[in-house]
Amino acid sequence: MKHFLITILLLISFQIGFGQTLESQKRVENDSVYIDFINPFYVPIEMKLSALDSTKAYIKVRQHAILNYQDTLHGAFIIPKSMVKDTAKIKSSHYINFKGSFGDPKSIVNSDYRYTLPYPKNKRYKIIQSFGGKFSHNKIPSKYAIDFGTKVGDTITASRGGIVFFVKEDSDEHCRTRKCIDKGNKVYILHNDGTMAHYVHLKLNGALVEVGDKVNVGEPIAISGMTGFTTIPHLHLVVYKANGVSIPFYFKGQKSKKLKQGKYYTRRE
């Protein structure tokens, strides 16, 4: 039996909007090649796999799985060795369709939790766009997002404690259309109830945290910028549950549950 680690580049159709790679393990046993997937993220991933029309007659596929951090999906798909030209070079997209999303759909969301405004105490910012905003908060992934009118260089703090599972800070690009949506710098944080907060449009090299860091509520995590799909500098904050679905979230110390577009809000605690 041959058993060795490889990295299989695999574009994941994350419903939250970006491509990533999974760690993989290839095993050649008897007359078959086994591909295992390993979750390298500090957050569960729900995986949905299916064979291509051209391969479904001969490969076996594990159709659904939820993997926690560093868990392995053994035998994610199995290929007869006779159908592989070169076992050293296997491209997953030639055999399967893969869809994945962050989060465990079995997690129970704590809807009573009250968040802290995402900036230092006594700072005051205007709400540029709130829940259901007509400009860009009109799709499932962004329906319950809030845009705070921060300036480039302002400090962003964690609205809720958790563990950092994704950081992007290599972009200095923005534009007025969705073609720039993947250019936005961002920090993603997993909370203890399985929800995930996304802090977006950060400055180039503006992350103050790294993947794997545990952060407390109110802790500085990033510097505000103007990257990605945006027309003005601001912080885009959204909270997701599994399957890339944005959910409403509310802040402590505010009389109205929903922050209103055009109003200013001061963090008092």
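Fair warning: this is a prediction, and the values are worked out from it, not measured in the lab.

Peer 1: Could you give an account of the environment of Leu52, naming the residues involved and the relevant values?
Peer 2: Tracing the sequence through the fold places Leu52 in the loop between β4 (45-51) and β5 (60-61). When the C-alpha atoms of Leu52 and Ile163 are compared, they prove to be 36 Å apart, with 111 residues separating the residues in sequence. Those residues in contact with Leu52 that lie beyond four places of it in its chain are Ser93, His94, Tyr95, Ile96 and Asn97.

Peer 1: Describe the packing of aromatic side chains, listing the residues and the values that go with them.
Peer 2: A full pass over the atoms with the stated rule returns 17 aromatic pairs. Both rings, one in Tyr42 and one in Tyr69, keep their centres 4.2 Å apart while their planes meet at 20 degrees; by these two values the pair is stacked. Here Tyr69 lies in the loop between β6 (64-67) and β7 (72-80) and Tyr42 lies in the loop between β3 (32-38) and β4, a separation of 27 residues in the sequence. With relative accessibility at 26%, the residue Tyr42 sits in the partly exposed group. When the ring of Tyr115 is compared with that of Phe249, the centres are 5.4 Å apart and the planes differ by 70 degrees; the resulting orientation is edge-to-face. On the criterion of sequence distance, the pair formed by Tyr115 in strand β9 (residues 114-115) and Phe249 in the loop between β21 (245-246) and β22 (250-251) is long-range, its members being 134 residues apart. Take Phe249: its relative accessible area is 3%, and that puts it in the buried class. Pairwise contacts between aromatic rings join Tyr113, Tyr115, Tyr119, Tyr125, Phe131, Tyr144, Phe148, Phe249, Tyr250 and Phe251 into one cluster. Lying over the aromatic face of Tyr113, Arg160 brings its terminal NZ or CZ to 4.0 Å of the ring centre.

Peer 1: Can you break down the pattern of salt bridges residue by residue, with the values?
Peer 2: Summed over the entire model, instances satisfying the criterion amount to six salt bridges. Among the ionic pairs, Lys56 bridges to Asp53, the shortest N-O distance being 3.6 Å. The pair formed by Lys56 and Asp53 is uniform in burial state, with each residue classed as exposed. Between Asp193 and Arg160 there is a salt bridge whose closest N-O contact spans 3.4 Å. In this pair, Asp193 is assigned in the loop between β15 (185-190) and β16 (196-207) and Arg160 in the loop between β12 (155-157) and β13 (162-168), connecting sequence segments 33 residues apart. A cluster of three or more residues bridged by salt bridges with shared partners is formed by Arg27, Glu29 and Asp36.

Peer 1: Please set out the pairing of strand β8 (residues 96-102) residue by residue, giving values where relevant.
Peer 2: On a regular strand, each side chain points to the face opposite its neighbour's, so the side chains alternate between the two faces of the sheet. Among the seven residues in β8, five count as buried, and that is most of the element. Sheet analysis places β4 next to β8, joined by seven bridges and oriented antiparallel. Across the sheet, residue Glu46 finds its bridge partner in β8, namely Ser101.

Peer 1: Give me the lowdown on the confidence of the model for the protein chain, citing residues and values where you can.
Peer 2: Chain-level statistics for the protein chain give a pLDDT mean of 89 and a share of 92% at 70 or above. A low-confidence stretch, residues 1-19 (pLDDT under 50), is modelled with 56 contacts involving residues beyond four sequence positions or located in other chains.

Peer 1: Any chance you could break down the sheet that holds β4 for me, citing the residues and the numbers?
Peer 2: Read from one edge to the other, the open sheet built from three strands follows the order β6-β4-β8, with strand pairing classed as antiparallel. Each having just a single partner strand, β6 and β8 make up the two edges of the open sheet. On average, each strand axis in the sheet is tilted by 20 degrees relative to the strand beside it, whichever way the strands run. Strand direction decides the pairing type here: β4 and β6, joined by four bridges, are antiparallel. Residue pairing across strands places Lys48 opposite His64, the latter belonging to β6.

Peer 1: Before we move on, could you go through the nonpolar core and cite the residues and values that matter?
Peer 2: Counting residues in each nonpolar core, the largest one holds 32 residues, and the members touching the most others are Phe37, Met47, Phe77, Tyr95, Ile96 and Phe165. Counting residues per element, the ones that place at least two in this core are β3, β4, β6, β7, β8, β13, β15 and β20 (235-241). Residue contacts for Ile96: discarding those within four places in its chain leaves Phe37, Leu49, Ser50, Ala51, Leu52, Ile59, Val61 and Phe77. Of all hydrophobic cores here, the second largest spans 30 residues; its members include Tyr119, Ile127, Phe131 and Phe251.

Cut-offs and rules
Residues numbered from 1 in each chain as written. Predicted model: local features only at pLDDT ≥ 70, side-chain atom pairs only at ≥ 80, totals over all residues. Heavy atoms only, no water. Helix = DSSP H or I, 4+ residues; strand = E, 2+ residues; numbered from the N terminus. Contact = heavy atoms within 4.5 Å. Phe/Tyr/Trp six-rings, centres within 6.5 Å; stacked < 30°, edge-to-face > 60°. Buried < 20%, exposed > 50% of the residue type's maximum accessible area, 1.4 Å probe, protein only. Lys NZ or Arg CZ within 6 Å of the ring centre and 35° of its normal. Salt bridge = Lys/Arg side-chain N within 4 Å of Asp/Glu carboxyl O. Pairing = 2+ DSSP bridges. pLDDT = per-residue confidence, 0-100. Axes fitted to C-alpha atoms, helices over the stretch in contact; angles between N-to-C directions. Core = buried A, V, L, I, M, F, W, Y, C linked by side-chain atoms within 4.5 Å.

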